[in-house]
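So the chains spell out like this:
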Amino acid sequence: VISRLSALLRLVRKRLAPSLPLQEDFVYHWKAITHYYIETSDDKAPVTDTNIPSHLEQMLVILVQEENEREFGETGPCMEYLLHHKILETLYTLGKADCPPGMKQQVLVFYTKLLGKIRQPLLPHINVHRPVQKLIRLCGEVLATPTENEEIQFLCIVCAKLKQDPYLVNFFLENKFKSLASQGGPNAISEDVLKGQDSLSTDTGQSCQPEEPSGASGTEHTDLEDETSRQMGDLSTSLENLSVTELPEATVVRPNQDYNLVNSLLNLTRSPDGRIAVKACEGLMLLVSLPEPAAAKCLTQSTCLCELLTDRLASLYKALPQSVDPLDIETVEAINWGLDSYSHKEDASAFPGKRALISFLSWFDYCDQLIKEAQKTAAVALAKAVHERFFIGVMEPQLMQTSEMGILTSTALLHRIVRQVTSDILLQEMVFFILGEQREPETLAEISRHPLRHRLIEHCDHISDEISIMTLRMFEHLLQKPNEHILYNLVLRNLEERNYTEYKPVCPEDKDVVENGLIAGAVDLEEDPLFTDISPDNTLSNQEWLSSSPPATPDHPKTDGKTEVHKIVNSFLCLVPDEAKSSYHVEGTGYDTYLRDAHRQFRDYCAICLRWEWPGSPKALERCNLEAAFFEGHFLKVLFDRMGRILDQPYDVNLQVTSVLSRLSLFPHPHIHEYLLDPYVNLASGCRSLFSVIVRVVGDLMVRIQRIQDFTPKLLLVRKRLLGLEPEGPVIDHITLLEGVIVLEEFCKELAAIAFVKYHAASTP
């Protein structure tokens, strides 16, 4: 009983003492606004010449004060009055009519501050979210209006509230037919505002009806209600005489009104004011990240979001001049969306087309980040739209053209966005666009099954060195992306059955070492007809290899089927004969310099591939289909062909070809390791490996060395010039071959370092 009495006394004290003065004050300010429309005949004077802004501000102050004086979540009489009398509905009507001029701006500010300053959840109330929804429809209808800033502030506070409580978004997914009906005729004022100002509406789980205090205060409260009702009747009459001028809508087509918040933000992303456009993009970013499945479906199926993203990408891409230097495309500073403010006058490194390039890259970054943040269903739909409408519709024709300048520019742009993309879902679509979705082994007859993939790989061996280098760079960066399909499509699908090997059953006498000191299944370089000119002094003998071999241990038995790393390392290091080596004449160019880089890069690749669950050892030959014809695949075919011409290609081309091959060698897959880094693999007839390709190159080199006078001094001079240790001088004969020999020597050292690092990592517990 005592607890009930104390609760009742507390309730009466709160109702009688602080509430009535605040409520009277609140009603006074609202009456002052309604009096203006009842008594004023001149509605052409701007709202700033009236007291309406100050009355609205005071109403906000009272609402905030009332909330601060009460326990959190408790609705005071002023807020109940606002909800009960549909004040927000009335303000929406006044704002839509923009009467007096500037009223729309004042209404937007009031809504924004109300939602921002009141801590208790207001949006669940039907008399809040319904007028908020209607006001949302007014935003973005006309671009560059004086109210744009207030419109975007209002939309962003709504987005922020939805981010705090994502379930609230369901209040803003309107039924299409209800939405269209609620708009009425072009000059109609909402009927519920005009006729139902004093009627009760059922809120979401909350009653707007204030409790009636007893006694005199109850009489005073009733008097307030009656007087307010009379005022509202007069106001309804005044509102009927207002003409609401319909402004032409922005040109973005709204397929329906299901998700007006998104539609209004989409319109404002087209604002000429960059700050407004960025804020609209931020609002969209908040909305796409909401976890509600219904909102995600509505976002992608019932709004123009997908079209806006892709159409703007397309228009910005088409606005790029064909003459943009590919080097400028590669080197322009990193672009973050929303931060692409650019002044040509202030830029010391300006180049023709830089503004257009920054705009395109900035918008692509926004699309990438939007998809990265989006709810999964929405992200997939957005990425597929970019794939179909931009990658295929716009980029593919440019990449497939025959003009060398067009190919170079479009490939440079593809390279740039491959480097820039960070969203896994957008990356997946980009990979399918470039490579296709095929995962079965390639055949020579179906090499052009995916036309773009075929064309891009062919461009790696283009008659234009610039196109070849740019395309190889694109593939090099693609291989560094965290997507399993890239390597599988380009290489692994062709190595799955290990049909590049010739299966030799192990015999009892066929161990690591046989009586004559040869390694089982090893390639004897001295017996190769291409190596008849190699002096025995230039290689380590088999016996030296074996004597330096680490002894077998219980942890690392030799019967594990792996060729010991020192043999592999020596195989690569001894490939280039001494007379063709020049690194030992220059300090700091030894094999060990590659070990640090190889260790770091291999660690990075292992981190990328960890979640792909690759096997730790090759597939057992007994389970492989060794009878199937082996084709290394289009990608490796082109790389091996170019590697075979390393002595006749420009230096820059050779650097890029070997860079891609070394990237491939770093992947921690047993089949890649075997095929690219094991010189002792038993190759099947007609098959080639990276080692066998290099063997042929070295054989050709040894023949050509004999024809060049003073070969070694010239080779050393070229190396020093490349390192900047010697000034440029007269042109040296056979410069292409000499530079090719230097690249070949360095590449063999790099492969040796990679093999060592990978073996060490596999052997370490």
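Criteria and thresholds
Residues numbered from 1 in each chain as written. Predicted model: local features only at pLDDT ≥ 70, side-chain atom pairs only at ≥ 80, totals over all residues. Heavy atoms only, no water. Helix = DSSP H or I, 4+ residues; strand = E, 2+ residues; numbered from the N terminus. Buried < 20%, exposed > 50% of the residue type's maximum accessible area, 1.4 Å probe, protein only. Contact = heavy atoms within 4.5 Å. Areas by Shrake-Rupley, 256 points an atom, 1.4 Å probe, with all protein chains shown as cover. Salt bridge = Lys/Arg side-chain N within 4 Å of Asp/Glu carboxyl O. Phe/Tyr/Trp six-rings, centres within 6.5 Å; stacked < 30°, edge-to-face > 60°. Expected span 1.5 Å × (residues − 1). Patch = residues over 30% accessible without salt bridge, like charges linked within 9 Å, V, L, I, M, F, W, Y side chains within 5 Å. Lys, Arg positive; Asp, Glu negative; His and termini not counted. Charge placed at Lys NZ, Arg CZ, Asp CG, Glu CD. pLDDT = per-residue confidence, 0-100. Axes fitted to C-alpha atoms, helices over the stretch in contact; angles between N-to-C directions. Parallel < 35°, antiparallel > 145°, perpendicular 65-115°, else oblique. Nonpolar A, V, L, I, M, F, W, Y, C, P; charged D, E, K, R; others polar.

The name recorded for the chain in an unreviewed UniProt entry is FHF complex subunit HOOK interacting protein 2A, from Capra hircus.

Visitor: How would you explain the overall build of the chain if you had to name every residue and give the values?
Guide: When helices and strands are counted, the chain shows 31 helices and zero strands. Per-residue burial over the chain gives 53% buried out of 765 residues. Here the analysis covers contacts within the chain between residues at least 6 apart in sequence; of these, 80% occur between residues at least 24 apart. Summing over all exposed atoms, the chain offers an accessible surface of approximately 34,600 Å²; the carbon and sulfur share of this is 53%.

Visitor: Residue-level account of the environment of cysteine 687, with values.
Guide: With respect to the secondary-structure elements, cysteine 687 resides in the loop between helix 28 (670–677) and helix 29 (690–705). With a relative accessible area of 17%, cysteine 687 lands in the buried category. Sequence separation of cysteine 687 and tyrosine 500 is 187 residues, and the distance between their C-alpha atoms is 6.0 Å. Beyond its immediate stretch of four places on either side in the chain, cysteine 687 contacts Asn499, Tyr500 and Phe630.

Visitor: Let's hear about the pattern of salt bridges: which residues, and what values?
Guide: One pass over the structure, following the stated rule, counts 31 salt bridges. A salt bridge links glutamate 440 to arginine 449, with the nearest nitrogen and oxygen atoms 2.1 Å apart. As a salt-bridge pair, arginine 453 and glutamate 442 come within 3.1 Å of each other at their nearest N and O atoms. Residue arginine 453 is found in helix 20 (residues 451–459), and its partner glutamate 442 is found in the loop between helix 19 (424–435) and helix 20; the two are separated by eleven residues along the sequence. Via salt bridges that share partners, Glu632, Lys637, Asp641 and Arg688 belong to a single interconnected network.

Visitor: With reference to specific residues and values, describe the side chain of asparagine 489.
Guide: In this structure, asparagine 489 sits in helix 22 (residues 484–490). Judged by its relative accessible area of 0%, asparagine 489 is buried. Look past the residues within four positions of asparagine 489 in its chain and what remains in contact with it is Leu435, Gly436, Gln438, Glu442 and Arg453.

Visitor: Let's hear about unusual backbone geometry: which residues, and what values?
Guide: Here the amide bond leading from cysteine 99 into proline 100 is cis, since omega sits at -5°, within 30 degrees of zero. Along the chain, proline 100 turns up in the loop between helix 4 (87–97) and helix 5 (103–117). Here arginine 498, not a glycine, exhibits a phi torsion of approximately 50°, which is positive. With respect to the helices and strands, the residue arginine 498 is situated in the loop between helix 22 and helix 23 (542–547). Even without being a glycine, glutamate 613 presents a positive backbone phi close to 55°. By the secondary structure assignment, glutamate 613 is in the loop between helix 25 (593–609) and helix 26 (634–644).

Visitor: Tell me about the packing of aromatic side chains, and please be specific about residues and values.
Guide: Applying the stated criterion across every chain, the model contains 19 aromatic pairs. Consider the rings of tyrosine 605 and phenylalanine 667, whose centres lie 4.6 Å apart with planes at 85°: the pair is edge-to-face. Of this pair, tyrosine 605 sits in helix 25 while phenylalanine 667 sits in the loop between helix 27 (651–666) and helix 28, and the two are 62 residues apart along the sequence. Across the pair, phenylalanine 667 and tyrosine 605 agree in class, each one buried. Every member of this aromatic cluster is reached through a ring pair, and the members are Tyr317, Phe360, Phe390, Phe391 and Phe433.

Visitor: Describe helix 5, naming the residues involved and giving the relevant values.
Guide: In this model helix 5 runs 21 Å from its N-terminal to its C-terminal C-alpha over 15 residues, within 8% of the 21 Å that 1.5 Å per residue would give. Within helix 5 the residues assigned to the buried category are Met103, Lys104, Gln106, Val107, Leu108, Phe110, Tyr111, Thr112, Leu114 and Leu115.

Visitor: Please give an account of helix 27 that cites residues and values.
Guide: Helix length check: helix 27 (16 residues) gives 23 Å between terminal C-alpha atoms against 22 Å at 1.5 Å per residue, within 8%. Counting buried residues in helix 27 gives twelve out of 16 residues, a clear majority hidden from the surface. Those residues of helix 27 lying buried are Val653, Asn654, Gln656, Val657, Thr658, Val660, Leu661, Ser662, Arg663, Leu664, Ser665 and Leu666.

Visitor: Go over a negative patch on the surface, please, and point to the residues and values.
Guide: A cluster of like negative charges, contributed by Asp325, Glu404, Asp465, Glu466 and Asp652, occupies part of the molecular surface. With respect to the helices and strands, aspartate 465 occurs in helix 21 (residues 465–479).

Visitor: Outline the confidence of the model for the chain, listing residues and values.
Guide: Residues with a pLDDT of 70 or more make up 77% of the chain, whose mean pLDDT is 82. Considering only residues more than four positions removed or in separate chains, one finds that residues 177–222, a stretch of pLDDT under 50, has 84 contacts. Predicted confidence for residues 510–561 stays below pLDDT 50, and this span has 57 contacts to residues more than four positions away or in other chains.

Visitor: A description of the packing of helix 20 against helix 26 should follow, citing residues and the corresponding values.
Guide: Two packed helices can be described by the angle between their axes and the distance between those axes. Taken N-terminus to C-terminus, the directions of helix 20 and helix 26 make an angle of 10°; their axes are 9 Å apart at the nearest point. Between helix 20 and helix 26, the angle falls in the class roughly parallel. Along its contact with helix 20, which presents Arg453, His454, Ile457 and Glu458, the element helix 26 presents His634, Phe635 and Val638. Across the contact of helix 20 with helix 26, the residue classes tally to three nonpolar, two polar and two charged.

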